[in-house]
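# Remarks on the overall topology
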Amino acid sequence: MRSAPLLAVLLALLLLVPAAPLPAAGGRRGAAPPTRAAVASSAEEFVGPFPSWADVKRDYGAVGDGKADDTAALQRALDDLREHQRFHVLYLPAGTYRVTRMVSTLRKAHTDCLGVAVIGEDPATTRLLWDGPKGGTLFRYDAWYSAFRRLTLDGAGRAGVCLAYGESFSTYNETSDVVFRDAEVGMRMGTGEPGQAENAVLRCRFLRCSKAGLTTVNFNSMDIWAWHCRFEDCGYGLLNEAGNFHAYGCLFLRSRVMDVGIRNLMVFSFVNNTSVGSRCFLDWDSAFSWGAQTSITGNRILDTTGDFALRLGSAGPFLFAGNTLRSRPGKKGPEVVMTWADQLFAGNTYTVPGAVKERGRFRRLDERVVPRSAVSGALPLLPQTPPHRQRQVFEVPASSGGEAVQKALDSATRLRGRRPVVHLPAGTYVLRAALRIPAGCDLQLVGDSGAETGTVLRWEGPAGQPALLLEGPCHATLRDLYVAAGGGTGIRVTGCDQPGGRVFGDQVNLNGSGAENKGASGLRVDGLLSTDVQMRCLQGGSDLNAWVSVAGRNGRGGAAPVAVYCGATGTSDQPYLVERGGRLLVRSVYHEVSGQSPQALLLRDSGSLSIDATRFSYATSADRPLIALEGFRGDLTLLTCLLLPVGTEFPARVEIRGDGSRCRALVGANCFWQNRLGVTTADVWRDASSPKAQAALLLSNMDLNPKGGDDPAKARSGYEALADAGAASDAFLRRMLQPLGQTRLWEPAPPRPGVTSLQLHRVMVTAGRGGTGLELRASGGPES
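Residues numbered from 1 in each chain as written. Predicted model: local features only at pLDDT ≥ 70, side-chain atom pairs only at ≥ 80, totals over all residues. Heavy atoms only, no water.

This brings us to the overall build of the protein chain. Within the protein chain, the regular secondary structure consists of 4 helices and 70 strands. Here the protein chain has a C-alpha radius of gyration of 25 Å; the compact-globule value for 784 residues is 28 Å, and the two agree. Seen through its principal axes, the protein chain has C-alpha atoms that stretch 65 × 60 × 50 Å. Looking at the protein chain residue by residue over its 784 residues, the buried ones come to 67%. Entry remark: accessible area of the protein chain is about 23700 Å², with carbon and sulfur atoms responsible for 50%. A distance of 5 Å separates the average location of the 86 positive side-chain charges in the protein chain from that of its 74 negative side-chain charges. (Helix = DSSP H or I, 4+ residues; strand = E, 2+ residues; numbered from the N terminus. Rg over C-alpha atoms; globule rule 2.2 N^0.38 Å. Buried < 20%, exposed > 50% of the residue type's maximum accessible area, 1.4 Å probe, protein only. Areas by Shrake-Rupley, 256 points an atom, 1.4 Å probe, with all protein chains shown as cover. Lys, Arg positive; Asp, Glu negative; His and termini not counted. Charge placed at Lys NZ, Arg CZ, Asp CG, Glu CD.)

The strand order across the open sheet built from 7 strands is β41-β44-β46-β70-β49-β51-β53, with neighbouring strands paired in parallel fashion. In this open sheet, the two edge strands, each paired with only one partner strand, are β41 (435-437) and β53 (576-579). Going across the sheet, the axis of each strand differs from the next one's by a mean of 15°, ignoring polarity. Here strand β46 (residues 489-494) runs beside strand β70 (residues 772-777); their pairing, made up of 3 bridges, is parallel. Bridge pairing in β70 places R492 opposite E775. (Pairing = 2+ DSSP bridges. Axes fitted to C-alpha atoms, helices over the stretch in contact; angles between N-to-C directions.)

Below, the discussion takes up the environment of L722. Examined against the element boundaries, L722 turns out to sit in the loop between β67 (719-721) and β68 (725-726). Linking L722 and L698, residues 24 residues apart in sequence, is a C-alpha distance of 8.4 Å. When sequence neighbours within four positions are dropped, the list of residues in contact with L722 reads R361, F672, T680, T681, V684, S700, N701 and M702. (Contact = heavy atoms within 4.5 Å.)

In a regular helix each residue adds 1.5 Å, so 13 residues correspond to 18 Å; helix α1 (residues 71-83) covers 19 Å between its end C-alpha atoms and thus fits that length. Those residues of α1 not exposed but buried are T71, A73, L74, Q75, A77, L78, L81 and R82. (Expected span 1.5 Å × (residues − 1).)

Turning our eyes to something else, we now look at the sheet that holds strand β61 (residues 654-657). Strand order in the open sheet formed by 4 strands is β55-β58-β61-β64, and the pairing between neighbours is parallel. Only two strands of the sheet have a single neighbouring strand rather than two, namely β55 (601-603) and β64 (685-687). Taken over all neighbouring pairs, the strand axes of this sheet differ in orientation by 5° on average, direction set aside. The pairing of strand β58 (residues 627-630) with β61 spans 4 bridges and is parallel. Bridging from a neighbouring strand, I627 pairs with V654 of β61.

For the structure shown, the criterion picks out 57 salt bridges. Among the ionic pairs, D79 bridges to R82, the shortest N-O distance being 3.7 Å. Placement of the pair is D79 and R82 together in helix α1, with a separation of 3 residues, close to one helical turn. Judged by relative accessible area, which is 29%, D79 ranks as partly exposed. Salt-bridge contacts for R311 lead to D285; the nearest nitrogen and oxygen are separated by 3.9 Å. Of this pair, R311 sits in strand β29 (residues 310-311) while D285 sits in the loop between β26 (282-283) and β27 (294-297); the two residues are 26 residues apart in sequence, bridging distant segments of the chain. Taken together, the salt bridges that share partners define one network made up of R604, E630, R653, E655, R657 and R686. (Salt bridge = Lys/Arg side-chain N within 4 Å of Asp/Glu carboxyl O.)

Take the confidence of the model for the protein chain next. Of the residues in the protein chain, 92% have a pLDDT of 70 or more, and the chain-wide mean is 91. Here residues 1-21 scores under 50 on pLDDT; set against residues more than four positions off or in separate chains, the count is 102 contacts. Residue range residues 23-40 is modelled with pLDDT below 50. Its contacts to residues more than four positions away, or to other chains, number 77 contacts. (pLDDT = per-residue confidence, 0-100.)

Right, let's talk about unusual backbone geometry for a bit. Geometrically, the link from G333 to P334 is a cis peptide bond, its omega value of 0° lying close to zero. Here P334 shows up in the loop between β31 (324-326) and β32 (336-337). Here the bond from G472 into P473 is cis, since omega is 0°, no more than 30 degrees from zero. Examined against the element boundaries, P473 turns out to sit in the loop between β44 (466-471) and β45 (477-484). Here H228, not a glycine, exhibits a phi torsion of approximately 55°, which is positive.

Following the sequence through the fold, R436 ends up in strand β41. Relative accessible area serves as the criterion here: at 39%, R436 is assigned to the partly exposed category. A C-alpha to C-alpha distance of 8.6 Å links R436 and D410, two positions 26 residues apart in sequence.

Among all positions of helix α4 (residues 730-737), only F732, L733, R734, M736 and L737 are buried. Against β30 (318-321), β33 (342-346), β36 (361-365), β59 (633-639), β62 (663-668) and β65 (694-698) lie the buried residues of α4.

Okay, the packing of aromatic side chains next. As enumerated under the stated definition, the model contains 29 aromatic pairs in all. Relative to Y172, the ring of Y145 has its centre 5.4 Å away and its plane inclined at 80°; by these criteria the two rings are edge-to-face. Of this pair, Y145 sits in the loop between β10 (137-141) and β11 (147-154) while Y172 sits in the loop between β12 (161-165) and β13 (173-181); the two residues are 27 residues apart in sequence, bridging distant segments of the chain. Each member of the pair Y145 and Y172 is classed as buried. (Phe/Tyr/Trp six-rings, centres within 6.5 Å; stacked < 30°, edge-to-face > 60°.)

Counting buried positions over the 5 residues of strand β6 (residues 95-99) gives 4, a clear majority of the element. Judged from the 2 bridges that link them, strand β4 (residues 65-69) and β6 form a sheet pairing that is parallel. Note on β6: the bridge partner recorded for D65 is T96. Of the pairings in the sheet, the one linking β6 to strand β9 (residues 126-130) comprises 5 bridges and is parallel in character. Residue pairing in the sheet places V99 in a bridge with W130 of β9.

One pass over the structure, following the stated rule, counts 0 disulfides. In this model C250 remains outside any disulfide bridge; the closest cysteine sulfur is found in C229, 4.7 Å from its own. Between C663, a free cysteine, and C641, which holds the nearest cysteine sulfur, the sulfur-to-sulfur gap is 17 Å. Assessed through its relative accessible area of 3%, C663 is described here as buried. (Disulfide = S-S within 2.5 Å.)

A few words now on the nonpolar core. The nonpolar side chains of soluble globular proteins are, as a tendency, buried together. In this structure, F139, F148, F206 and L310 are the most contacted members of the largest nonpolar core, which totals 114 residues. The greatest single-element share of this core, amounting to 5 residues, is contributed by α1. In contact with F206, not counting residues within four places along its chain, are F180, G186, M187, V201, G213, L214, C229, R230, F231, E232 and C234. If you look at the next biggest cluster of nonpolar residues, it comprises 87 residues, including V396, Y576, L722 and V765. (Core = buried A, V, L, I, M, F, W, Y, C linked by side-chain atoms within 4.5 Å.)

Below, the structure written as structure tokens:
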């Protein structure tokens, strides 16, 4: 992440089977799990407003009739929100609020606008209407560790920008269930030099944005994660002028220029999106001699109106897998123009012969042409705005002791099946005994903010014990909370392994409590064979021995790999660990250097780890490889990643050592950044295993920048190919690509008796020495 932490979607699983799954192991066309996702509704809901929230009508005199000028009332409320002394959440009840000049939360001090939220009643009924000068900005949100939810921002055909993040640097923000309409730009990440990083953009709609729905305009505006968003009749859906973004499960309709545009190189991923009737999905043809490592998988691209659906540019490398391209009637190929550099194509479906114009270095397997009629034009059903529910609420006085919180939990427990709410206003709640939520209880524990200035549960009990203990099968929901675990574990969930079980984490943030007091793990999944675990936009990672560790998940219970989709961390000693058959899938994560650890992965046990579209920025060294496999028994797949030495001239390298008889490793379509000249494959790939592992370096390249810095003009050259190493048969590639075919985007489902259905939304945990931020156990006893 760009700054250190302040303290040291659907039915349960509703899947549309794609026309072309990713290649399956052991056969040409096979039983790869489906990669498409759709949803009509989910178990997520909105509860509130609460007494601790400010109301812009009641408390500040806004009218909301669409005629009165509400600018001054809104600005007074935002000025108070910025200082968050009286409240952390500003609520806008239903109404149309006419705005004649920009409203803003401009920060003046470090803790201004930290851990706050602006929340509307519902985007269908709560609207900010621009009636200011043409080309103006409606709302500038200068906040961090904060949220912006459930509103319509209407540019009325006059606004330049509906919502601009800036002026100061921000991170760990959420923009959800917001409609941006009739403006030049719906949402702009960055207004000046400081960047806007780690912003989850969930279930938003971008309608008739003439330039772009969402644009990043700063080189440090990175890790913008668009999930289940709808872009309709925009110029660009997503436009990267600088920085980067990732898009998961989005819908693009009739983009006039293209769905996705880039003018800057970084790591990108586009997963399980649908495009219908746009000019093209992307056109990245450019003069760049460097690469933008990009994963394009599981997308449906239908009836583009231009000359082609995709044109790849730059050195990539690119992974293009499991996509379906349906050409409009009468259209001839090619639909895809490959880049001059490196790319891996696998398991794609086309409806015209000659659909791909081949260029550069590439590998293609398991692709097919089908009749146009064989590809459905049905649109995905995106998750809807969570409905506003009227639940019974148990209010706990601010900064009460743990006894008062437990008393409210006990009262809520008696209302099983009604999803009661225990609300904790902003304040610090000291715990000396674990807060206990019993099995089968579907209560919701909700705070005002998941930041250290918001709702804080502070553990002061015995070392090693959890602050929150959730007994399984667990049906609880935790939202907008900060858990300071001290010398213990933050949240422990026991007995949570049942067929059909689900643990859904949304913007969970897990850290240790300091370099001298490292936590053992951020997320620890132990022994879960049947319950699926999905972490969306997972963050944190600092001061931990392992950010995510998975043990004893060998696939026998039918669960998919533990999934981390999008995220950002500092450089923990080992962000990922698999043991005893643990299986983990990681996509679209940024690891930013925050310490001197030179090694990202050390795999010595057994399991499966698949990573793509991920940046590893590390202080590499001569004596420790960035990635090491020592007698590892299992599979490592590394695709479309950027391996970047920071402050050193030592190349990032992969080493395989020890007994390789049961080890498989594919390092494919990656970029190895180099800060010195003369690097070859031998410097980045060393296989000293005996017996030899089944391993290959494939279609990877280098960006050369021998003088350091980020200016390509200082480099002698940009792209340089790395020679392949090892052997990669088609059967081997099918096996190693298979985990990507298990990408299943799902939202929480209503609880079922005896089956875990746990939700965590914007929960931040700091774990103490040897503790774990979030621990998921199959049993109720000690770890097996």
